[in-house]
Amino acid sequence: MEPMDIVGRTKEDASLPKATMTKIIKEMLPPDVRVARDAQDLLIECCVEFINLISSESNDVCGREEKRTIAPEHVLKALEELGFGEYIEDVYAAYEQHKLETVDTVRSGKWTNGAEMTEEEALAEQQRMFAEARARMNGGAIPPKQPDPEPSLES
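Residues numbered from 1 in each chain as written. Predicted model: local features only at pLDDT ≥ 70, side-chain atom pairs only at ≥ 80, totals over all residues. Heavy atoms only, no water.

In the nomenclature of an unreviewed UniProt entry, the protein chain corresponds to Transcription factor CBF/NF-Y/archaeal histone domain-containing protein from the organism Escallonia rubra. Under Subcellular location (unreviewed entry), UniProt gives the following word-for-word description of the protein chain: "Nucleus". (UniProt positions renumbered as here; feature names shortened; annotations may be inferred.)

Structure follows, in C-alpha coordinates:
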(Lines give C-alpha, C1' and ligand atoms only; values in the text may rest on other atoms or scores of the structure.)
Protein backbone atom coordinates (compact mmCIF):
# COMPACT_ATOMS: atom_id res chain seq x y z
CA MET A 1 0.00 0.00 0.00
CA GLU A 2 1.28 3.48 -0.92
CA PRO A 3 2.09 5.99 1.82
CA MET A 4 -0.58 8.65 2.11
CA ASP A 5 -0.03 12.37 2.37
CA ILE A 6 -2.05 14.83 4.43
CA VAL A 7 -5.00 14.98 2.02
CA GLY A 8 -5.38 11.22 1.66
CA ARG A 9 -3.79 10.76 -1.75
CA THR A 10 -0.76 8.77 -2.76
CA LYS A 11 2.48 10.62 -3.40
CA GLU A 12 2.09 10.12 -7.16
CA ASP A 13 -1.25 11.96 -7.05
CA ALA A 14 0.33 15.08 -5.54
CA SER A 15 3.30 16.01 -7.68
CA LEU A 16 4.51 18.84 -9.86
CA PRO A 17 5.23 18.58 -13.59
CA LYS A 18 8.84 17.44 -13.97
CA ALA A 19 9.47 19.35 -17.19
CA THR A 20 8.26 22.62 -15.67
CA MET A 21 10.21 22.09 -12.47
CA THR A 22 13.37 21.19 -14.41
CA LYS A 23 13.02 24.39 -16.41
CA ILE A 24 12.60 26.46 -13.23
CA ILE A 25 15.61 24.79 -11.61
CA LYS A 26 17.81 25.37 -14.66
CA GLU A 27 16.74 29.02 -14.95
CA MET A 28 17.90 29.65 -11.37
CA LEU A 29 21.38 28.23 -11.90
CA PRO A 30 24.38 29.39 -13.93
CA PRO A 31 24.50 27.75 -17.38
CA ASP A 32 27.61 25.71 -16.56
CA VAL A 33 25.99 23.98 -13.54
CA ARG A 34 24.35 20.60 -14.03
CA VAL A 35 21.84 19.01 -11.69
CA ALA A 36 21.69 15.25 -11.18
CA ARG A 37 18.32 13.63 -11.82
CA ASP A 38 18.14 12.48 -8.19
CA ALA A 39 18.73 16.06 -7.05
CA GLN A 40 15.96 17.30 -9.38
CA ASP A 41 13.58 14.69 -7.98
CA LEU A 42 14.53 15.71 -4.44
CA LEU A 43 13.92 19.40 -5.22
CA ILE A 44 10.50 18.53 -6.66
CA GLU A 45 9.64 16.54 -3.53
CA CYS A 46 10.76 19.48 -1.38
CA CYS A 47 8.48 21.81 -3.36
CA VAL A 48 5.52 19.45 -2.93
CA GLU A 49 6.17 19.20 0.81
CA PHE A 50 6.50 22.99 1.06
CA ILE A 51 3.18 23.44 -0.74
CA ASN A 52 1.56 20.90 1.59
CA LEU A 53 2.99 22.69 4.63
CA ILE A 54 1.84 26.16 3.49
CA SER A 55 -1.58 24.82 2.44
CA SER A 56 -2.11 23.10 5.77
CA GLU A 57 -1.05 26.16 7.79
CA SER A 58 -3.17 28.44 5.54
CA ASN A 59 -6.13 26.18 6.22
CA ASP A 60 -5.48 26.45 9.97
CA VAL A 61 -5.30 30.27 9.74
CA CYS A 62 -8.51 30.29 7.71
CA GLY A 63 -10.22 28.03 10.25
CA ARG A 64 -9.19 30.22 13.17
CA GLU A 65 -10.91 33.12 11.41
CA GLU A 66 -13.97 30.90 10.92
CA LYS A 67 -13.74 31.22 7.15
CA ARG A 68 -14.29 28.42 4.65
CA THR A 69 -12.22 29.76 1.75
CA ILE A 70 -8.46 30.24 1.98
CA ALA A 71 -7.64 33.78 0.84
CA PRO A 72 -4.25 35.27 -0.09
CA GLU A 73 -4.00 36.93 3.32
CA HIS A 74 -4.30 33.49 4.96
CA VAL A 75 -1.35 32.25 2.90
CA LEU A 76 0.72 35.31 3.85
CA LYS A 77 -0.14 34.84 7.53
CA ALA A 78 0.81 31.14 7.25
CA LEU A 79 4.20 32.09 5.80
CA GLU A 80 4.76 34.41 8.75
CA GLU A 81 3.69 31.83 11.32
CA LEU A 82 5.94 29.18 9.78
CA GLY A 83 8.97 31.45 9.98
CA PHE A 84 9.07 32.58 6.35
CA GLY A 85 8.27 36.21 7.15
CA GLU A 86 11.29 37.45 5.20
CA TYR A 87 9.66 36.19 1.99
CA ILE A 88 6.26 37.83 2.47
CA GLU A 89 7.16 41.01 0.60
CA ASP A 90 8.45 39.06 -2.43
CA VAL A 91 5.49 36.67 -2.36
CA TYR A 92 3.05 39.57 -2.19
CA ALA A 93 4.81 41.32 -5.09
CA ALA A 94 4.60 38.11 -7.16
CA TYR A 95 0.91 37.80 -6.27
CA GLU A 96 0.24 41.40 -7.36
CA GLN A 97 2.11 40.78 -10.64
CA HIS A 98 0.07 37.61 -11.21
CA LYS A 99 -3.16 39.58 -10.70
CA LEU A 100 -2.04 42.18 -13.24
CA GLU A 101 -1.10 39.52 -15.79
CA THR A 102 -4.40 37.74 -15.27
CA VAL A 103 -6.37 40.95 -15.77
CA ASP A 104 -4.39 41.65 -18.97
CA THR A 105 -5.20 38.16 -20.26
CA VAL A 106 -8.88 38.57 -19.46
CA ARG A 107 -9.04 42.02 -21.06
CA SER A 108 -7.17 40.89 -24.17
CA GLY A 109 -10.20 38.82 -25.09
CA LYS A 110 -8.90 35.35 -24.34
CA TRP A 111 -11.38 35.11 -21.48
CA THR A 112 -14.37 37.32 -21.12
CA ASN A 113 -17.23 37.30 -18.70
CA GLY A 114 -19.69 37.45 -21.58
CA ALA A 115 -21.06 40.84 -20.57
CA GLU A 116 -20.20 42.22 -24.02
CA MET A 117 -22.12 39.45 -25.82
CA THR A 118 -25.80 38.98 -26.24
CA GLU A 119 -27.23 35.58 -25.44
CA GLU A 120 -27.58 34.83 -29.16
CA GLU A 121 -23.96 35.79 -29.85
CA ALA A 122 -22.78 33.64 -26.96
CA LEU A 123 -24.80 30.68 -28.25
CA ALA A 124 -23.42 31.14 -31.78
CA GLU A 125 -19.86 31.33 -30.42
CA GLN A 126 -20.44 28.20 -28.34
CA GLN A 127 -21.76 26.31 -31.38
CA ARG A 128 -18.74 27.44 -33.45
CA MET A 129 -16.36 26.25 -30.73
CA PHE A 130 -18.17 22.89 -30.51
CA ALA A 131 -17.87 22.50 -34.29
CA GLU A 132 -14.15 23.24 -34.15
CA ALA A 133 -13.67 20.71 -31.36
CA ARG A 134 -15.64 18.06 -33.28
CA ALA A 135 -13.57 18.71 -36.40
CA ARG A 136 -10.32 18.36 -34.46
CA MET A 137 -11.49 15.13 -32.84
CA ASN A 138 -12.56 13.71 -36.20
CA GLY A 139 -9.34 14.79 -37.89
CA GLY A 140 -11.19 17.09 -40.25
CA ALA A 141 -10.58 20.66 -41.17
CA ILE A 142 -11.77 23.37 -38.87
CA PRO A 143 -14.64 25.28 -40.46
CA PRO A 144 -13.89 28.96 -41.01
CA LYS A 145 -15.25 31.41 -38.47
CA GLN A 146 -18.55 32.84 -39.58
CA PRO A 147 -18.49 36.60 -40.09
CA ASP A 148 -20.35 38.56 -37.44
CA PRO A 149 -23.83 39.38 -38.66
CA GLU A 150 -24.60 43.01 -39.31
CA PRO A 151 -26.66 44.48 -36.49
CA SER A 152 -30.25 44.78 -37.59
CA LEU A 153 -31.78 48.18 -37.96
CA GLU A 154 -35.09 46.95 -36.56
CA SER A 155 -35.99 48.25 -33.14
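Caption draft 1: Quick peek at the packing of aromatic side chains. Counted according to the given criterion, the structure contains three aromatic pairs. Ring geometry for phenylalanine 50 and phenylalanine 84: centres 5.3 Å apart, planes at 90 degrees, overall edge-to-face. In this pair, phenylalanine 50 is assigned in helix α2 (residues 37-64) and phenylalanine 84 in the loop between α3 (72-81) and α4 (88-107), connecting sequence segments 34 residues apart. Given a relative accessible area of 24%, phenylalanine 84 falls into the partly exposed group. Relative to tyrosine 87, the ring of phenylalanine 84 lies with its centre 6.3 Å away and its plane at 45 degrees, an arrangement referred to as tilted. By relative accessible area, tyrosine 87 is classed as partly exposed at 42%. (Phe/Tyr/Trp six-rings, centres within 6.5 Å; stacked < 30°, edge-to-face > 60°. Helix = DSSP H or I, 4+ residues; strand = E, 2+ residues; numbered from the N terminus. Buried < 20%, exposed > 50% of the residue type's maximum accessible area, 1.4 Å probe, protein only.)

Caption draft 2: A look at a nonpolar patch on the surface. Taken together, the side chains of Ile24, Met28, Leu29 and Val33 present a nonpolar region at the surface, about 350 Å² in accessible area. Relative to the assigned elements, methionine 28 resides in helix α1 (residues 18-28). The class of methionine 28 is exposed, set by a relative accessible area of 66%. (Patch = residues over 30% accessible without salt bridge, like charges linked within 9 Å, V, L, I, M, F, W, Y side chains within 5 Å. Areas by Shrake-Rupley, 256 points an atom, 1.4 Å probe, with all protein chains shown as cover. Salt bridge = Lys/Arg side-chain N within 4 Å of Asp/Glu carboxyl O.)

Caption draft 3: Region of interest: the pattern of salt bridges. The final tally for this structure, using the stated rule, is five salt bridges. As a salt-bridge pair, glutamate 27 and lysine 23 come within 4.0 Å of each other at their nearest N and O atoms. With a gap of four residues between them, glutamate 27 and lysine 23 both fall in helix α1, about one helical turn apart. Note that arginine 128 is salt-bridged to glutamate 125, the shortest N-O span being 2.4 Å. Taken as a pair, arginine 128 and glutamate 125 lie in helix α5 (residues 119-137) at a separation of three residues, close to a single helical turn. Relative accessible area serves as the criterion here: at 23%, glutamate 125 is assigned to the partly exposed category.

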